[in-house]
Amino acid sequence: MMARTIDFAQGWRSMQIGITKLEKHVEGLPGHSLNSEQYINLYTTVYVMCTQKPPHDHAEKLYNKYREVVEEYTKSTVLPALRKTYDDEYMLLRVLLERCSIHKKMVRRLSRIFHYVDRYFVVRNSLLSLEEVGLACFVDMVYNTLQLRVREAVIAIVDKEREGDDTGIDRALLENVKDIYVEIGMGKMKRYEQDLESFMLEGTASYYSRKASRWIQEYSYFDYIRKSEECVKKEKKRVSHYLYASSEPKLVKIVEHELFVVYANKLLEKKHSEFREIAGGLEPITNIFKQHVEDTDGQDTAAIRKVIEVHDKYIVYVTKCLENQTIFHKSLKEAFKFFCSKAVSGSSLSDESLATICDRIIILKKWASEELSDEAIEKVVKFLAYISDDKDLFAEFYKKKLARRLLLNRDASDDHERGIITKLKQQFGGNFTYKMEGMVTDLTLSRQNQNSFDEYVANNPAAKPGIDLSVTLLTTSVWPSYKTFDVNLPSEMVKCVEIFKVFYETKHKRRKLTWLHSLETCHINGKFDQKPIDLIVSTHQAAVLLLFNTRDKLNYTDIQTQLNLRHEDLVWVLHSLSCAKYKVLIKEPATETVSKTDVFEVNSKFTSRTGGVKIPLSHVDERKKVVEYVNNDRRYAIEASIVRIMKGKKVLGHEQLVSECVKQLSGMFKPDVKAIKTRIEELIARDYLERDKMNPNMFRYLA
């Protein structure tokens, strides 16, 4: 049998009934939903009308009818609903969002009915898809008609908030409105930038132009600056509610231009006029400025980044608004020294925390989601100038963290480390960084040495360590001091050490190797019931675990005897293996502390989700040791400074000697006067100096 041909007029009449029902359904009118059978019938009608042989192929007519349906629906239903809201900004925006949502629903459901047109006719003829046609209708008939009114509504709401009238402001509404522009732009930002952002920036410029013209007449210089600064801060917070993040720098630039740049000359005139009215010239103003910086919200001292941001803000004022005058730079520096000392006393900003910030920036390659830049490190380096009393302490903490990065390969680029050290060198001189430079050089030479050792092992059949061995050579004089404690190494490790020792002595006969087992890392294959696991442990942890290759159980005394470890060191190691997160050993009794009566055995049921586990030793707070080390170094530095001064002067009074010593050492730390007196007495006792017999406050240098 031949299929019945559907005439276009006849087919369209039957479709109109279903389409009218669909329109009423998406409008929320009850009793007008389409069931599955009705959807299928409408889809089938479209399919048949598109696949009939010419001249009864109606695909093009259906495509045009689809556009007519959407246009008529928009004209008869959408626009009238929006026209009723013209006098109320909020109502206009709410109805616009609602109509946009309903329109999208209508287009989606109608497109399903016309799906065959979309799938074949549209593709073959490279036409706009049905959803694109629906969006184009909304843009042409609704968006283009209302966009001016919508922009004005958004700007009016924002201006109300700027004036302090934030009661009833629906920020979520504004955020949803900005999304419409991106949807209309098919996911691209061009429409948003052209039709909303540009006008918002223009409206912002107009608003602050009006405000600035009034404020410049009403406020004093510093009140104007303070008021303008507050406006910039509020705009940064406000922008996220009605614009995208990409607009923030543009908007802030506009605000700063209207408030500062446009009235730059008048601000300078006002500043000079107010300065002349104050007795004593600039000095009182610098004191006011200094006090203003010092009184900045204490929360800003909670984190170094916040403090640096505060500094950046005020340095702009000094350079742009205060004519870059030296006296204001000086007052800013004094204020931030106070700022930092206030933070240091609260243990929130210190040499150690600055070193930690540098460490995090280098490791993570970003600063709180910002990409690492030379500027980020330079700010931290320059900020060290405000912690003038403890630069040597910062250097020691930085060395500790640099050592950890280098030894654990946490930063793969030697050039990157050298670049940062160069910035420190430029700021504080070669004495500050020569040990750091030596550490990086050691790592480079160690890689070369390891290649030579690998070749030596490959070419000497007798020199077979049996296990992989990698050695890093550190120059004692440049690296931080580390805790060293002897241990009886397992035979496997002893063999490796001896082979490397023979290799090293063939190249460096007069050098002595001291093994730092506390820094070493071992990979051990642990065989447990469920599966083998690669254990990443320290040498001391490895030495303990390897004892269980020959014994099922070992008591504390057995382990201490075989390894020859001190009690506190062995407790530290055994605790990490039996009481911490990864219990690869079971101990009896099962307490959280290690005692001399404990018995240990391998935890055969130990398992891990991954194939490898790193078992850390408990963290040891190094700050106290670092401070002790630096204080000890300071004693030598003070003595060396006194000797240098006296060697040149030969004879010098007590006050002059103390003053010269403080001056020499202030680049690294501010020596305590009592400490200088103590060192003077020590040098007298060791016959470097003597007191003048006639004047006890006069010293002579003894060659």
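How each quantity is defined
- Residues numbered from 1 in each chain as written.
- Predicted model: local features only at pLDDT ≥ 70, side-chain atom pairs only at ≥ 80, totals over all residues.
- Heavy atoms only, no water.
- Pairing = 2+ DSSP bridges.
- Helix = DSSP H or I, 4+ residues; strand = E, 2+ residues; numbered from the N terminus.
- Axes fitted to C-alpha atoms, helices over the stretch in contact; angles between N-to-C directions.
- Contact = heavy atoms within 4.5 Å.
- Core = buried A, V, L, I, M, F, W, Y, C linked by side-chain atoms within 4.5 Å.
- Buried < 20%, exposed > 50% of the residue type's maximum accessible area, 1.4 Å probe, protein only.
- Polar contact = N/O pair within 3.5 Å; in protein donor to acceptor, adjacent residues only side chain to side chain.
- Parallel < 35°, antiparallel > 145°, perpendicular 65-115°, else oblique.
- Left-handed = near helix turned anticlockwise from the far one by under 90°.
- Nonpolar A, V, L, I, M, F, W, Y, C, P; charged D, E, K, R; others polar.
- Salt bridge = Lys/Arg side-chain N within 4 Å of Asp/Glu carboxyl O.
- Patch = residues over 30% accessible without salt bridge, like charges linked within 9 Å, V, L, I, M, F, W, Y side chains within 5 Å.
- Areas by Shrake-Rupley, 256 points an atom, 1.4 Å probe, with all protein chains shown as cover.
- Lys, Arg positive; Asp, Glu negative; His and termini not counted.
- Charge placed at Lys NZ, Arg CZ, Asp CG, Glu CD.
- pLDDT = per-residue confidence, 0-100.
- Phe/Tyr/Trp six-rings, centres within 6.5 Å; stacked < 30°, edge-to-face > 60°.

Novice: Help me understand the pairing of strand β7 (residues 599-602) in this model?
Specialist: Each regular strand displays side chains that alternate between the two surfaces of the sheet. Where strand β5 (residues 553-555) meets β7, 3 bridges bridge the pair, whose relative direction is antiparallel. The residue bridging L554 from the neighbouring strand is F600, located in β7. Of the strand pairs in this sheet, strand β6 (residues 585-588) and β7 are connected by 4 bridges, and their pairing is antiparallel. Paired with K587 across the strands is F600, a residue of β7.

Novice: Whenever I open this one, the sheet that holds β6 confuses me. Can you help?
Specialist: Hydrogen bonds between backbone atoms are what pair the strands of a sheet, whose relative direction is either parallel or antiparallel. Strand order in the open sheet formed by 3 strands is β5-β7-β6, and the pairing between neighbours is antiparallel. A single partner strand is all that each edge strand has here, and the edge strands are β5 and β6. Along the sheet, successive strands turn relative to each other by an average axial angle of 25 degrees, direction set aside. Strand contacts of helix α22 (residues 556-563): β5 and β7, with the helix running at about 85 degrees to β5, the strand carrying the most contacts. Relative to β6, helix α23 (residues 567-578) is tilted by about 110 degrees, and along the sheet it contacts β6 and β7.

Novice: Sorry, what's going on with the nonpolar core here?
Specialist: Generally speaking, nonpolar side chains in soluble globular proteins are found buried as a group. In terms of nonpolar packing, the biggest core is built from 92 residues, with L62, F114 and L259 touching the most fellow members. Among the elements that take part in this core, helix α6 (residues 130-162) stands out by supplying 14 residues, more than any other. In contact with L259, other than residues within four places in its own chain, are Y208, A212, W215, Y224, S228, C231, V232 and L267.

Novice: Please clarify how the side chain of D159 should be interpreted in this entry.
Specialist: Of note, D159 is situated in helix α6. Since its relative accessible area comes to 16%, D159 is described here as buried. Polar side-chain contacts of D159 include one of 3.0 Å to the side chain of R162.

Novice: Honestly, the sheet that holds strand β8 (residues 612-614) in this entry has me stumped. Any pointers?
Specialist: Read from one edge of the open sheet, 3 strands run β3-β4-β8, paired in mixed fashion. Two strands bound the open sheet, and with one partner strand each, they are β3 (521-527) and β8. Here the average twist between neighbouring strands, direction ignored, is 25 degrees. Sheet topology note: the β3/strand β4 (residues 532-538) ladder contains 7 bridges and is antiparallel. Within β4, the residue paired with G526 across the bridge is I533.

Novice: Explain the environment of N525 here, please?
Specialist: Here N525 lies in strand β3. On the basis of relative accessibility, which here comes to 51%, the residue N525 falls in the exposed class. Residues N525 and G612, 87 residues apart in the sequence, show an inter-C-alpha distance of 9.1 Å. Apart from residues no more than four positions distant in its own chain, N525 is found in contact with P532 and I533.

Novice: I tried to follow unusual backbone geometry on my own but got confused; where do I start?
Specialist: Across residues other than glycine, the phi torsion is negative in most instances, and most of the peptide bonds are trans. A cis geometry characterises the amide bond from P54 onward to P55, with omega recorded as 5 degrees. Inspection of the secondary structure assignment puts P55 in the loop between α2 (36-51) and α3 (59-83). One non-glycine residue, N564, lies in positive phi territory at about 60 degrees. In this fold, N564 is placed in the loop between α22 and α23. For N564, a relative accessible area of 53% corresponds to the exposed category. Here K650, not a glycine, exhibits a phi torsion of approximately 70 degrees, which is positive. Within the element layout of this structure, K650 appears in the loop between α24 (623-649) and β9 (651-653). On the accessibility criterion, K650 (46% relative accessible area) is partly exposed.

Novice: What's the story with the packing of α24 against helix α26 (residues 673-685) in this structure? I'm lost.
Specialist: Two quantities define a packed helix pair, namely the angle between the helix axes and the distance between the axes. The N-to-C vectors of α24 and α26 enclose an angle of 65 degrees; their axes lie 10 Å apart at closest approach. Between α24 and α26, the angle is such that the two are roughly perpendicular. α24 and α26 meet at a crossing whose hand is right-handed. Residues R635, I638, E639, I642 and V643 of α24 lie in contact with α26, whose contacting residues are A675, I676, R679, I680, E682 and L683. Here the residues of the contact of α24 with α26 are counted per class, giving 7 nonpolar, no polar and 4 charged.

Novice: I tried to follow the pattern of salt bridges on my own but got confused; where do I start?
Specialist: Two side chains bearing opposite charge may form a pair once their charged atoms approach each other closely. This model, assessed by the stated rule, comprises 26 salt bridges. One salt bridge connects K553 with E601, and the closest N-O pair in it is separated by 4.0 Å. Taken as a pair, K553 in strand β5 and E601 in strand β7 lie far apart in primary sequence, 48 residues in all. With relative accessibility at 48%, the residue K553 sits in the partly exposed group. Residue E601 is classed as partly exposed on the basis of its relative accessible area of 27%. Note that D692 and R700 form a salt bridge whose closest N and O atoms lie 2.7 Å from each other. One continuous salt-bridge network, built from bridges that share partners, spans D159, E161, R162, E235 and R238.

Novice: For this particular structure, what's the right way to read a positive patch on the surface?
Specialist: There is a patch of like positive charges on the surface, built from K227, K233, K234 and K237. Mapped onto the fold, K237 is located in helix α9 (residues 221-242). With a relative accessible area of 60%, K237 lands in the exposed category.

Novice: Please clarify how the confidence of the model for the protein chain should be interpreted in this entry.
Specialist: Segments scoring low in pLDDT should not have their predicted coordinates read at a detailed level. Put simply, the protein chain has an average pLDDT of 81, and 83% of its residues get 70 or more. Across the protein chain, the secondary-structure element scoring lowest on mean pLDDT is strand β1 (residues 366-367), at 38, and the one scoring highest is β7, at 94. Across residues 343-349, confidence stays below pLDDT 50; counting only partners more than four residues off in sequence or on other chains, it has 13 contacts. This model gives residues 364-372 a pLDDT under 50, and the stretch forms 19 contacts once residues within four places in sequence are excluded.

Novice: Would you take a moment to explain the packing of α6 against helix α7 (residues 171-184) for this structure?
Specialist: Two elements in contact, α6 and α7, have axes separated by 11 Å at closest approach and are oriented at 145 degrees. In this structure, α6 meets α7 at a crossing whose hand is left-handed. Contacts between α6 and α7 involve L135, V139, Y143, V150, R151, V154, I157 and E161 from the first element and R171, L174, V177, Y181, E183 and I184 from the second. Grouping the constituent residues of the contact of α6 with α7 by class yields 10 nonpolar, no polar and 4 charged.

Novice: Help me understand the packing of aromatic side chains, please; the structure alone is not making it clear to me.
Specialist: Working definition: an aromatic ring pair is given by the centre-to-centre distance plus the angle between the planes. By the definition in use, this model includes 18 aromatic pairs. Here the aromatic rings of Y66 and F114 are separated by 5.4 Å at their centres, their planes lie at 70 degrees, and the arrangement is edge-to-face. With Y66 in helix α3 and F114 in the loop between α4 (89-113) and α5 (115-124), the pair connects residues that are 48 residues apart, well separated along the chain. Of the two residues examined, Y66 and F114, each falls in the buried class. Relative to F606, the ring of F528 has its centre 5.3 Å away and its plane inclined at 55 degrees; by these criteria the two rings are tilted. Placement of F528 in the loop between β3 and β4 and of F606 in the loop between β7 and β8 is noted, with a sequence separation of 78 residues between them. F606 carries the same exposure label as F528, and that label is buried.

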